Every structure is written in C-alpha cells, then in structure tokens.
Amino acid sequence: MNYVSTRGQGSPVSFEDALLRGLAPDGGLYVPESWPQLPANWQVDLKDAPYTEFALLVAKAFAGDSFDDAELRTLVDQAYAPFDHPDVAPLLELASDLYLLELFHGPTFAFKDFAMQLLGHLFEIALKRRGERRTIIVATSGDTGAAAVEAFAGRTAINLFVLHPEGRISEAQRRQMTTATAKNVHNIAVNGSFDECQQTLKALFADEAFRSDVSLGAVNSINWARIMAQAAYYLSTLARLGRSAAFSVPTGNFGDIFAGFVAHKMGAELGPLVIATNKNDILHRALSTGTYKVAGASPTLSPAMDIQIASNFERLLFEVLGRDAEALKSLMADLARDGEMTIPPGALSAMRELFLSDRVSDQETLDEIGEAHAKYGIVADPHTAVGLRAETRVLGGVPGPHVVLATAHPAKFADTVMKATGESPALPAKLASLMDKKERFDRFPPDVDQIMTYVRARI
Ligand SMILES: *Cc1c(COP(=O)(O)O)cnc(C)c1O
C-alpha cells in the first residue's frame, strides 16, 4: 500500500516513508492510496481472537509492503505485551446495549499507548534498516507526550522532544513525562495553549533547512501509523459484539474517531460515530453549521480535548470531497487566511451520513462522572464522561449496541474525579511512584526560533 498527500503534491510514498516523515512535504497528511478491504467473514472468524490478531490484520493491510508478516507478528506481540489486561482493550457491559471500551490498560494509562507502543517498534526497525536517526518533536495535550516518552525513551536512534502547554495538563500527566531519566528525552513546557504548541511544531516542520538538518520526524496523530493502529480496536469490538455498533468518541484532534472511519472504509459495518467534544467544540459547530471556524481554545476539565484545530479533520475532508486535492487545498488556504472555511454542501451531507456530534460542558462532565458512578459503579475519567454524556443525548433513538470509548484511566485526573464523586480514584502503583521523583524540563514561550536553537543544541 502506498500513501498520497491530502494536498496532492509529490509522488506516492511507501508506508515506511509515510511513517518516518509524519507530515507530507507539501504540508498535507498521508492517506492510503486506496482502502484495503477486510476479508469476508472476518467478524465471525475473529470473534474470539486475541487483540493482537486485529492489530496484525490492520498492520498487514497498511504496512505489509514495508514489513513482512513475521516482522509484523513480532511487532504487535511486543507492542501489546506491556498492557496490564489480558484482553488489551476490554469491553465492559454497562447496561443492555451499552458498553465501555476500556482503552487505558497500557503503560501510560490512556489510549495513546495503542498506537505509540507500536510506533516505537516500527521506528526502531525502520531506522536500523536504513542506518538513520531521527529527531522526533511532539506536541501534547497531555497524554501523547507520556505515551511517546514511554515508547521512545532509551532508543538510541532517536532524540525525543515533547512540547506541553505549561499548567494546562494534570500533575500525573506532567510527571509521566518529566520524570523520565533517559538521555534522549527532552521536555519543554510552553507558555501557551496546546494549539500554540501544535502551531510551533508545524512551523518547525515547515522550515526545510531545520527539517533536514535534524532529520525531523513526527508521531502526533498526523502520523498515519497511529491512525492505522487505532483502527484495530474498532474491529476487535465489532467482532466481539458480532454485529454493527455505534461509537461515542471523546474527540480533540480527530485521530481516534478517524480510526473508526478507517474501519468503516475497510468494510466494517458500524455507525453512527459520535464526535463528543467539550466546550472547545469546533468540530461540533462544523458538523452542525457547515462552517469550520477557529475560536481560542479554553481550558476545561478534559484537557486532552482542548483543541481548536483538529489536524485529522483534513483527512476526512479529503475523503468527503471525493479525494479532490485542489478543492481541499483551497479550503485549507481559506482556513489559514480567514480562520474559517465553509464545507461544501455535498461534503457536509456525506459527513453527516456517518457522523453525529455533541458538546459537553464542564458541569455536565462532573455530573456525568457522578451519575455513571452511581448508576454503573464505574469511575469515568473526564474525557470518558464527555463520551458517556454524548451517547445518552445523541444516540438515544439509535438501535443496537452503543460503545463509549474510555480514553484514559481516572487516576490521571484525580482532582476532577474527587470533585465529582467525593472519592479519590485508586492510583495504580506506577502512577503513585511518580509523585516523589525528580522532574526535568525547560521552559519556553511558543517561539519557533528559540525552540529551534534549543533542539539543535541538544542533539
Ligand atoms: C488524546 C485524547 C483524546 C482525543 O483524541 P483525538 O485523537 O485527539 O481526537 C481524548 N481523550 C483522551 C484521554 C486523550 O488523551
């Protein structure tokens, strides 16, 4: 399978190139040239299969030209071994036709581990094969950074720089990154929002000299391999249920839910997909009004979703525009110039065929954590609570199973959970041990030049 840029420039590249580059040189995002189809009967044949079979299925479909079957088998076995639940992505029945898909059993307790663990191994093999090194710079709204540190710490061919918005992530999230002792991990606290971190990252990528001098790579969800890896848990869930299902997905950068779209494109029967946003509701407004309009991101109780520029939305736009790269480019130019773009009516109705959306306030998030605790005996983290509330509100009349993605472990957001339930969530030993470790990070404003100088000096 080869990959093309959503902005249409350049010739198609291999999976390995798309993996190591992250962003396409024309500023677009890589998407597969065509959509591989699931084998007939997959849902029945894999009904009781272990999680790694689903990971292998998508990896073979999307990365099979760059890695052979035996390599991929080893990779997925290694990637999911550190998960602390035998099902890896367990499906918990909350009520009749209501399920929670627990995606927080990885080493850093958020769904980001599903893709990042795999990426760590993919990068290692690919770089070794080429005899190359990479500088990976990642912007994090809290969980990506920790997952990247866990996946890349100590890997000799890689230097990892993590930009996090200072004061806008939880203490547990910050400590997971800043207590890392590996020499190849560098933490930067940016005095700004996640969007500013992400803009800085994009500006670093746009600088050709810098990009090639430091061999820049990206593992944000703009990296296709992340989306690929996440499609596996939609498939494992559908196989387990044995029928179609609707999914409610706590959404920020549109990566996790786009993985559901990928499963759909591969022929899996599913839907609707609910885009559950917090107060930073650009995607909910876009779907409701047809105008994708950037407003300032404001801090909420679900910080991993405090995002106003949802990078992966570009991939969906490309699809619903019938893969018309010129049309897409002109919309992205509108967005860059005016801070908004109007989704053409045909594209908007195509989106609405599969996607629904909702916006959940902080108060509703707190209420939902309390109600879910009382009703189902579960402790939901604030992001998961956004998904739960959206499910109740938006999927009410939709028949069949509803699956809410539980994107993080509640202990990562202990203060909010305490406020909502009156009890502090039990802290996994691994998180508890971070609290008295020494932190290491440097502070910068969201200034491209200063950060560039720092990166060059450090590698
Ligand atoms: C990253 C994250 C999200 C948002 O996922 P996207 O792929 O950015 O839409 C939701 N919840 C948690 C806990 C996260 O870490």
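The model shown is predicted, which means the values in this text are computed figures rather than measured ones.

Novice: Got a sec to walk through the overall build of the protein chain? Specific residues and values, please.
Specialist: Check the secondary structure of the protein chain and you find 20 helices and 15 strands. Each principal axis of the C-alpha atoms in the protein chain carries an extent, and together these give about 55 × 50 × 50 Å. A burial count over the protein chain gives 61% of its 459 residues as buried. A gap of 4 Å separates the mean positions of the 43 positive and 56 negative side-chain charges of the protein chain.

Novice: So, the packing of aromatic side chains: which residues are in play, and what are the values?
Specialist: Geometry of an aromatic ring pair is reported as the spacing of the ring centres plus the angle between the planes. The full count for this structure, using the stated rule, is 23 aromatic pairs. With a centroid separation of 5.2 Å and an interplanar angle of 70 degrees, the aromatic rings of Y51 and Y80 are classed as edge-to-face. Of the two residues, Y51 sits in helix α3 (residues 51-63) while Y80 sits in helix α4 (residues 69-80), which places them 29 residues apart along the sequence. A residue is classified by how much of its surface remains accessible, and Y51, at 4% relative accessible area, is buried. For Y80, a relative accessible area of 4% corresponds to the buried category. Here Y51 and F114 contribute two aromatic rings whose centre-to-centre distance is 5.5 Å and whose plane-to-plane angle is 70 degrees, an arrangement assigned as edge-to-face. A residue pair is termed long-range when its members are at least 10 positions apart, and Y51 in helix α3 and F114 in helix α5 (residues 112-130) qualify at 63 residues. Across the pair, F114 and Y51 agree in class, each one buried. The ring of F67 is capped by R129, whose NZ or CZ atom sits 4.8 Å from the centre of that ring.

Novice: Can you explain the nonpolar core? Please cite residues and give values.
Specialist: Grouped together as the largest cluster of nonpolar side chains are 118 residues, with contacts concentrated most on Y80, F152 and F313. Considering each element in turn, this core owes the most residues, 13 residues, to helix α10 (residues 224-241). Look past the residues within four positions of Y80 in its chain and what remains in contact with it is Y51, T52, A55, V88, F114, L118 and A229. In terms of nonpolar packing, the next biggest core, distinct from the first, is built from 24 residues, A139, A218, I222 and M452 among them.

Novice: So what's going on with the packing of helix α16 (residues 362-376) against helix α17 (residues 382-394)? Residues and values would help.
Specialist: The contact between α16 and α17 brings their axes to 8 Å, and the two run at 85 degrees. Classified by the interaxial angle, the pair formed by α16 and α17 is roughly perpendicular. Side by side, α16 and α17 meet where E364, T365, D367, E368, I369, E371 and A372 of the first sit next to P382, A385, V386, L388, R389 and R393 of the second. Here the residues of the contact of α16 with α17 are counted per class, giving six nonpolar, one polar and six charged.

Novice: So, the packing of α4 against α5: which residues are in play, and what are the values?
Specialist: Direction vectors running N to C along α4 and α5 enclose 135 degrees, while the axes themselves pass 8 Å from each other. Our classification of the angle between α4 and α5 gives oblique. In this structure, α4 crosses over α5, and the sense of that crossing is right-handed. Two secondary-structure elements touch here, α4 through E71, L75, V76, Q78, A79 and Y80 and α5 through F114, Q117, L118, H121, L122, I125 and R129. Split into classes, the residues belonging to the contact of α4 with α5 amount to eight nonpolar, three polar and two charged.

Novice: Any chance you could break down the site of the ligand for me, citing the residues and the numbers?
Specialist: Inspection of the region around the ligand gives 15 residues, with K112, D143, G252, N253 and D256 positioned closest. Between the ligand and the protein, one listed contact pairs an oxygen atom with a side-chain N or O atom of K112 at 2.6 Å. One nitrogen or oxygen atom from the main chain of N253 is found 2.7 Å from an oxygen atom belonging to the ligand. Protein contact buries 97% of the 380 Å² of open area that the ligand shows by itself. With respect to the detected pockets, the ligand is housed in the largest cavity. Residues belonging to the shell around the ligand are distributed by class as follows: six nonpolar, six polar and three charged.

Novice: Hey, could you go over the side chain of H409 for me, with residue numbers and the actual values?
Specialist: Here H409 is to be found in the loop between β14 (402-406) and α18 (414-421). Since its relative accessible area comes to 15%, H409 is described here as buried. Dropping the residues within four chain positions of it, H409 is found in contact with F104, F109, D381, A426 and P428.

Novice: Give a description of the layout of surface pockets that names residues and reports values.
Specialist: The volume enclosed by the largest pocket comes to roughly 570 Å³. If you trace the largest pocket, you find 27 residues lining it, with R7, L23, G27, K202 and E314 closest to the centre. No other element matches helix α8 (residues 194-206), which puts four residues into the lining of the largest pocket. Of the residues that constitute the lining of the largest pocket, the class distribution is 17 nonpolar, four polar and six charged. In this structure, the second largest pocket encloses a volume near 320 Å³. Taken together, 18 residues form the lining of the second largest pocket, with I169, S170, E171, K412 and D415 sitting closest to its centre.

Novice: Which residues make up helix α15 (residues 345-354), and what are the values?
Specialist: Here α15 has its buried residues at A347, L348, M351 and L354. Taken end-on, α15 shows its buried residues confined to a sector of 125 degrees, consistent with a single buried face. Turned more than 90 degrees from where α15 packs its buried face, P345, G346 and E353 sit exposed. Buried positions along α15 lie against α11 (255-265), β10 (273-277), α12 (282-289), α13 (313-320) and β13 (355-359).

Novice: Tell me about empty space enclosed by the protein, and name the residues and values.
Specialist: As enumerated under the stated definition, the model contains four cavities of 30 Å³ or more in all. Counted as a void, the largest cavity has a volume near 270 Å³. Lining the largest cavity are 24 residues, and of these F111, K112, G252, N253 and A304 lie nearest its centre. Those elements that provide at least two residues to the lining of the largest cavity are α6 (143-152), α10 and α11. For the lining of the largest cavity, the residue count by class is nine nonpolar, eleven polar and four charged. For the second largest cavity, the calculated volume is near 70 Å³.

Conventions adopted
- Residues numbered from 1 in each chain as written.
- Predicted model: local features only at pLDDT ≥ 70, side-chain atom pairs only at ≥ 80, totals over all residues.
- Heavy atoms only, no water.
- Helix = DSSP H or I, 4+ residues; strand = E, 2+ residues; numbered from the N terminus.
- Buried < 20%, exposed > 50% of the residue type's maximum accessible area, 1.4 Å probe, protein only.
- Lys, Arg positive; Asp, Glu negative; His and termini not counted.
- Charge placed at Lys NZ, Arg CZ, Asp CG, Glu CD.
- Phe/Tyr/Trp six-rings, centres within 6.5 Å; stacked < 30°, edge-to-face > 60°.
- Lys NZ or Arg CZ within 6 Å of the ring centre and 35° of its normal.
- Core = buried A, V, L, I, M, F, W, Y, C linked by side-chain atoms within 4.5 Å.
- Contact = heavy atoms within 4.5 Å.
- Axes fitted to C-alpha atoms, helices over the stretch in contact; angles between N-to-C directions.
- Parallel < 35°, antiparallel > 145°, perpendicular 65-115°, else oblique.
- Nonpolar A, V, L, I, M, F, W, Y, C, P; charged D, E, K, R; others polar.
- Left-handed = near helix turned anticlockwise from the far one by under 90°.
- Near = heavy atom within 4 Å.
- Polar contact = N/O pair within 3.5 Å; in protein donor to acceptor, adjacent residues only side chain to side chain.
- Areas by Shrake-Rupley, 256 points an atom, 1.4 Å probe, with all protein chains shown as cover.
- 1 Å grid on protein atoms, 1.4 Å probe; cavity = no way out; pocket = protein on both sides within 12 Å on 5 of 7 lines; lining within 4 Å.
- Sits in = over half its atoms within 2 Å of the grid points.
- Points joined across faces, edges and corners; volume = space filled by probe spheres on them.
- Arc of directions from axis to C-beta.

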